[in-house]
Amino acid sequence: MSSIFTKIINDEITAYKIAENDDFVAFLDAMPLVKGHTLVVPKKEVDLIFDLDSEEYKNLWSFAQTVAKKVKNAIPCIRVGVAVVGLEVPHAHIHLIPLNKIEDMNFKNERLKLSVEEYTEIQKSIINS
C-alpha cells in the first residue's frame, strides 16, 4: 500500500508543492506547526531516511538546503529548523520549520488550521522567493 506521500508524489492527493525534481519533492505540511512548515520527501518510497543509499541521502539534503533557503527568504523567521522524526508517515522525509523561538519546533503544539487562500499565498511566496 502506498504512503500518503507517494499519493502526493503521484498527484493522487492534492498538495501545495513548492519544489520538485526527478528524485525529490517539497510541499507544505498539511498540519503545520507554523506557517511555511515544509516537508522534503524522496520520490522513492523508503521508510527510514538512513535506508537511502549514500548518494540519494546526500542529494536529499542538498535539495532540502535549496528549499530551506527559499523558505527562509519567503517566511519571516530567524532561521529554518530541521527535524527528521519519521513516526508519522512510513516514508522518509525532512521537516523544514521556520523558527522564531525554540517552541516553534515542538511537535506537541497544536497544529495550525490554514485556509486554502493562506496555503496558496505561502506556496506562491516560497516559489517566487
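On a predicted model such as this, the values are computed, not experimentally measured, just so you know.

## With respect to the pattern of salt bridges
- Inspection of the entire model under this criterion finds eight salt bridges.
- In this structure, the salt-bridge partner of K17 is E20, at a minimum N-O distance of 3.8 Å.

## Some details on the nonpolar core
- Ranked by size, the top nonpolar core spans 25 residues in total, and within it V40 and V67 carry the most contacts.
- Of all elements in the fold, only β2 (24-28), α2 (54-74), β5 (94-99) and α3 (116-127) reach the threshold of two or more residues within this core.
- Of all the elements, α2 adds the most residues to this core, at six residues.
- Setting aside anything within four residues of it in sequence, one finds V67 in contact with I18, A19, A26, T38, V40 and L96.
- F5, I8, I9 and V25 belong to the second largest nonpolar core, which has eight residues in total.

## Quick look at α3
- Taking 1.5 Å of rise per residue, the 12 residues of α3 would be expected to cover 16 Å, and the 16 Å separating its terminal C-alpha atoms lies within 8% of that figure.
- On its buried face, α3 is in contact with β1 (17-20), β2, β3 (38-42) and α2.

## Structural notes on unusual backbone geometry
- In the Ramachandran plot, D11 falls in the positive-phi region, its phi being about 60 degrees despite a non-glycine side chain.
- Its relative accessible area of 59% is what places D11 among the exposed residues.

About the criteria used
Residues numbered from 1 in each chain as written. Predicted model: local features only at pLDDT ≥ 70, side-chain atom pairs only at ≥ 80, totals over all residues. Heavy atoms only, no water. Salt bridge = Lys/Arg side-chain N within 4 Å of Asp/Glu carboxyl O. Core = buried A, V, L, I, M, F, W, Y, C linked by side-chain atoms within 4.5 Å. Buried < 20%, exposed > 50% of the residue type's maximum accessible area, 1.4 Å probe, protein only. Helix = DSSP H or I, 4+ residues; strand = E, 2+ residues; numbered from the N terminus. Contact = heavy atoms within 4.5 Å. Expected span 1.5 Å × (residues − 1).

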